[in-house]
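These are the residues of each chain, in order.
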Amino acid sequence: MERYNFKTVEEKWQEKWQKSGVFRSKIDRTKEKFYCLEMFPYPSGKIHMGHVRNYTIGDVLSRYKSLQGFNVMHPMGWDAFGMPAENAARENSLDPKEWTNKNISTMKDQLKKLGLSIDWEREISTCSEEYYKHQQIFFLELYEKGLVYRKENYVNWDPVDQTVLANEQVIDGKGWRSGAVVERKKLNQWFFNISKFSQELLDGLDDLKKWPNKVKVMQKNWIGKSFGCEIAFKTEGDLPVKEIKCFTTRPDTLFGFSFLALSVDHEISKYFLNDKKFQEFKSECSKTGTTEEAIAIGEKIGFKTNLQAINPLNPSQKVPVFFANFVLMDYGFGAVFGCPAHDQRDFDFAKKYGLDIKTVVRPEEENENFEVKDEAYSGPGVLINSEFLNKLKVPEESVLKTIDILEEKKIGQKQINFRLKDWGVSRQRYWGCPIPMAYDEHGNVRTIPKENLPVKLPENVNLNSKGNPLDSKLDWKNIIIDGKKYIRETDTLDTFVCSSWYYLRFCSSDNSEYGFKQEEIDYWMPVDQYIGGVEHAILHLLYSRFFMKALGYKNENFKFNEPFEGLFTQGMVCHETYKDQNNNWLSPDEIELVGDQFFKKGDSKHLVKVGPSESMSKSKKNVIDPENIIKNYGADAVRLFILSDSPPEKDVQWSDQGMMASYKFLQKLWILHNKIKEKIENEFSESKESESLEKFTNQMINKITNNLEGFNYNVIIANIYETYNFINKIIEKKIDGRIIKNNYQKILILFSPAIPHFAAECLEDLKSKEEIKWPKANKNLIEDDKIDYVIQINGKKRAILNESRDIEQDSLMDKIKLNKLSNKYLKGKSIYKIIFVKNRLINLLINE
RNA sequence: GCCCUCGUGGUGAAAUUGGUAGACACAAAGGACUUAAAAUCCUUGCCAUUUAUGGAGUGCCAGUUCGAGUCUGGCCGAGGGCACCA
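Within each chain, residue numbers correspond to sequence positions counted from 1 in written order. Whichever chain is written first becomes A and whichever ligand is written first becomes 1, with later ones labelled in order. With the structure being a predicted model, the display of local features is reserved for residues of pLDDT at least 70 and the display and counting of side-chain atom pairs for 80 or more, all residues being used for whole-chain, interface and lining totals. Water and hydrogen atoms were dropped before computing side-chain values, which therefore reflect all heavy atoms in the structure.

Enquirer: Sorry if this is basic, but what is going on with the overall build of chain A here?
Expert: When its secondary structure is counted, chain A shows 26 helices and 40 strands. Dimensions of chain A, computed from the C-alpha atoms along their principal axes, are close to 105 × 85 × 70 Å. In this scheme, a residue with accessible area under 20% of its type's maximum is buried, one over 50% is exposed, and one in between is partly exposed, where area comes from a 1.4 Å probe on protein chains only. Burial status across chain A gives 53% buried among its 848 residues. For chain A, long-range pairs separated by at least 24 residues make up 71% of all intrachain contacts whose partners lie at least 6 apart in sequence. Comment: elements are numbered from the N terminus, with helices defined as DSSP H or I runs of at least four residues and strands as E runs of at least two. Here, residues are in contact when the closest pair of their heavy atoms is within 4.5 Å.

Have a look at this one:
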């Protein structure tokens, strides 16, 4: 017998699969379809362990579904636009396209070596013209439907690099590249009107039964629906302002009104343009706004105006109007009515500026004299000090009742507000999908005619120019449409747009007419199982859901409006972190174990500091390169390990020993395979072991099938080990060759989603003529005739009796009386109650 | 601050949903084979004088139950999400 040579076996099967085209997917209406999709990778250069885990999970599912007879589509593509390409190209004086395509081809080879059951004929790359052409068409369609518009918005502006920065590129208020202090700048940008679908996006979550609850909760909070009331406050003062509108969820606390606060960007601020003190205040506000933490603990500051607001329910009460740093312009009306007693933020503000704090809600258990002291009270209770509103229950009666009164008086109106803001899609960058728009000399917008699409990204641009390289590419920027001069839009689309519809493109990846073919998406969509990292819980998944709804908007051909029926979010791959004596990160390759301590290789003096296990990242150097691992141990061993140690939804620790163990296990399995083969060919005698093998196999079919359905992939690996242990124990005994062949073949099929090359090789080696399909358990063979009955006395386990299935209570009692162990406890005691659970246990209650 | 999730051996984790806690694996210790090492195989796993036997035991404290890792209430701890959303 030869050693198991994973290299030749894996290469052989990968080639076979490719040649025979088993993973090609075509519409077949006689079969039920299954669309399995993993989040496509960004082509950064090499695949990492996170990819290995993500795609292994998807592959196990795809292969299982195929074996079950589903018509599976399992495609792969590349999220190929984005900044890293532009940065890498700039650093190495390369073309982003070349850099990207080179990475794609490297990573594709790496993925192929994992033995994934991918239909590569459907491969797409978002940076190809064939892809982004359709995206531009969609953009124009959404524009026509009124779902795309232009508006001025603040951006992070790097004055040195003359470019817009994403939030994560702003570090301590400075540009990550230039180190210049980042400014807030208003730019005209394109927006998708996602907020129009707020309610629909919220309602849709209820239908997503196969999504993790966690993700749905996150999206729900992000959409942030709140029910309340818009109130128009009359004002008095030396400004030509008669009224200020506020949104509130607590109109019932109106009698506790003590100030009104405005955003510094509120339209009223126009009267303060020449007020130096106000301008100082405004710049003070923008300073505190950089980090999230600063906002959270940041002090509440205000700027008092001469305006006074009148309480609509109590016109004799007039309160001051402030500008305040905590009021956001893009929520509600950019104005807040302040009730310090029942809102902590208002409370803090009132304390600072010595404003009234009037209690108008008491908790149920307090009396009428209850007063808010050290902190605001925002819980339920009863209204007090509120004249005609007194005694209303908070919040169930009070809110609606107050709104009714306000509506009657025509001062207020029921309103629903969402936190979700429109999606700004403009990026001042080169390596993205061009926006198919143009401007005439007066700045008027027009669309690029559809017949002129795609608007191709120009080549040979100067990436080292200041700002967006497209801005200085004049021969591209200046165009003539219908004999008139125009300037192209030089912003490109956010790359999240590319990933918002790629799942549709896979259904019709070769269709040049349009982004997809109706009949093809009707067959394949929605994605039955989508698999990826939880870090995309909000943006990518919400944008994709929006995109579906936007494409289906005013289009009755659309039969579904949720792209992903099932979602699975897998955990990260973690590894310990290491630092040398100077606190520089060290990679696992740079250290060695001496005794039980780590040292830097070739340096036996300085101990290496071992840090906590964290998600693998280049910056911390705690990465393991999948390429080396696959080369040394083979794809099946890596797959086995990456699945084995933790449930797929949780983080997994990388462990060299664990990896080694998986590798060795396959070697042992190969030895066992050869023993089995010998039995199949040489032995034909009935035995007890044959029977128990049959039983075991049928039980295992049930276990593995259930564990696959429940995504308990770590348990499947344990099941594989269990199977090995079981067969390895009985293989030396007499077993009928025909029985073992029949069962072993089923077992190999059960193994094949996890270790496909190994299983395929062994199956072929059996030379069986039977069809390879997912086995079904024979119910008659699953149940053991004998069962371990637990004998409890007063609830404590005292003995285990192996007796026949379905034994009656009386017969079992007879056996118990014969048993030494249990008798020890029963001697001289009387049993006053017996709890008998069929085929499981018996609990005898005795007097002590 | 608000919301969500999770606490099981030295470690990663199982547990048919209320019925034998610790499957499977890693690590460790002891043993077998070997001149030796590696590899391989076997045993152990917390406490009590033992491969027998008993006890404690699933973050802590109560409760429901014949029976709780699983259900209920309270507390403690860890991780994640949101960030002044009116």
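Don't stop here, the text continues.
Enquirer: Would you explain the packing of aromatic side chains in this entry?
Expert: Aromatic rings in a pair are described by how distant their centres are and how their planes are angled relative to each other. Classification of ring pairs uses Phe, Tyr and Trp, with its six-membered ring standing for Trp, and accepts pairs whose centres are within 6.5 Å; under 30 degrees between planes counts as stacked, over 60 as edge-to-face, and the remaining range as tilted. Tallied over the full model, the rule gives 65 aromatic pairs. With 5.5 Å between their ring centres and 85° between their planes, Phe138 and Tyr514 make a pair best called edge-to-face. Placement of the pair is Phe138 in helix α5 (residues 129-144) and Tyr514 in the loop between α14 (502-505) and α15 (518-524), with a sequence separation of 376 residues. According to the relative accessible area criterion, Phe138 is buried, its value standing at 0%. Geometrically, the ring pair formed by Phe641 and Trp654 is edge-to-face, given 4.9 Å between the ring centres and 80° between the ring planes. In this pair, Phe641 sits in helix α18 (residues 635-644) while Trp654 sits in the loop between β36 (652-653) and α19 (656-682), placing the two residues 13 residues apart along the sequence. The same class applies to Phe641 and to Trp654, which are both buried.

Enquirer: Would you mind showing me how to read helix α3 (residues 83-92) here?
Expert: Side chains that are three or four residues apart share a direction in an α-helix, a result of its 3.6 residues per turn. Of all the residues in α3, the buried ones are Ala85, Glu86, Asn87, Ala88 and Ala89. For α3, the elements touching its buried residues are α4 (96-113). Positioned one or two residues after α3, Ser93 has a phi angle of 50°, which is positive.

Enquirer: Would you take a moment to explain a negative patch on the surface for this structure?
Expert: Patch members must show over 30% relative accessible area and no salt bridge, and they are joined within 9 Å when carrying like charges or within 5 Å when they are nonpolar side chains of Val, Leu, Ile, Met, Phe, Trp or Tyr. Computed with a 1.4 Å probe, the accessible areas rest on the Shrake-Rupley method; for each residue, only the protein chains presented here act as cover. Whenever Lys or Arg places a side-chain nitrogen within 4 Å of a carboxyl oxygen from Asp or Glu, that contact is recorded as a salt bridge. Under the convention used here, Asp and Glu are negative, Lys and Arg are positive, and both His and the chain ends fall outside the count. Charged groups are reduced to one reference atom each: NZ for lysine, CZ for arginine, CG for aspartic acid, CD for glutamic acid. A cluster of acidic side chains, namely Glu364, Glu365, Glu366, Glu396 and Glu397, defines a negative patch on the protein surface. Here Glu365 shows up in the loop between β16 (361-362) and β17 (381-383).

Enquirer: Can you help me understand the sheet that holds strand β6 (residues 163-165) in this one?
Expert: In sheet architecture, strand pairing relies on hydrogen bonds along the backbone and comes in two forms, parallel and antiparallel. Between any two strands, pairing holds if DSSP finds at least two bridges. Read from one edge of the open sheet, four strands run β6-β5-β9-β20, paired in antiparallel fashion. Only two strands of the sheet have a single partner each, and these edge strands are β6 and β20 (423-424). Lying on the sheet, α5 is in contact with β5 (148-158) and β9 (183-192); it crosses β9 at an angle near 85°. Orientation is described by axes fitted as lines to C-alpha atoms, over the contacting stretch for helices, and by angles from 0 to 180 degrees between their N-to-C directions.

Enquirer: Looking at this structure, how should I read the sheet that holds β16?
Expert: Strand order across the open sheet formed by three strands is β16-β17-β18, with antiparallel pairing between neighbours. A single partner strand is all that each edge strand has here, and the edge strands are β16 and β18 (393-394). The sheet contact formed by β16 and β17 spans two bridges and is antiparallel. When the sheet's bridge partners are listed, Val361 is paired in β17 with Leu383.

Enquirer: Sorry if this is basic, but what is going on with the confidence of the model for chain A here?
Expert: Predicted coordinates in areas of low pLDDT are best not read in detail. pLDDT is a per-residue confidence score from the predictor, ranging from 0 to 100. The predicted model of chain A averages 90 in pLDDT, with 97% of residues at 70 or higher. As a predicted assembly, this complex carries a pTM of 0.93 together with an ipTM value of 0.94.

Enquirer: Honestly, the pattern of salt bridges in this entry has me stumped. Any pointers?
Expert: Any two side chains of opposite charge can pair, given that their charged atoms come close. Here the structure, examined in full by the defined rule, presents 44 salt bridges. Between Asp580 and Lys600 there is a salt bridge; the shortest N-O distance is 3.8 Å. Separated by 20 residues along the polypeptide, Asp580 in the loop between β30 (573-579) and β31 (585-586) and Lys600 in strand β33 (residues 597-600) bring together distant segments of the chain.

Enquirer: Sorry if this is basic, but what is going on with the packing of α19 against helix α21 (residues 713-730) here?
Expert: When two helices pack together, you describe them by how their axes are tilted relative to each other and by the distance separating the axes. Relative orientation of the contacting elements α19 and α21 amounts to 40°, with a least axis distance of 11 Å. One finds that α19 runs oblique with respect to α21. Considering how the two elements wind past one another, α19 and α21 form a crossing that is left-handed. Between α19, through Ala661, Ser662, Phe665, Lys668, Leu669, Leu672, Lys675 and Ile676, and α21, the contact on the second element is made entirely by Ile720, Tyr721, Tyr724, Ile727 and Asn728. Three classes are used, and their members are as follows: Ala, Val, Leu, Ile, Met, Phe, Trp, Tyr, Cys and Pro are nonpolar, Asp, Glu, Lys and Arg are charged, and the others, Gly among them, are polar. Across the contact of α19 with α21, the residue classes tally to nine nonpolar, two polar and two charged. An angle below 35 degrees is read as roughly parallel, one above 145 as roughly antiparallel, one from 65 to 115 as roughly perpendicular, and any other as oblique. Crossing chirality is assigned from the near helix's rotation relative to the far helix, an anticlockwise turn below a right angle marking it left-handed and a clockwise turn marking it right-handed.

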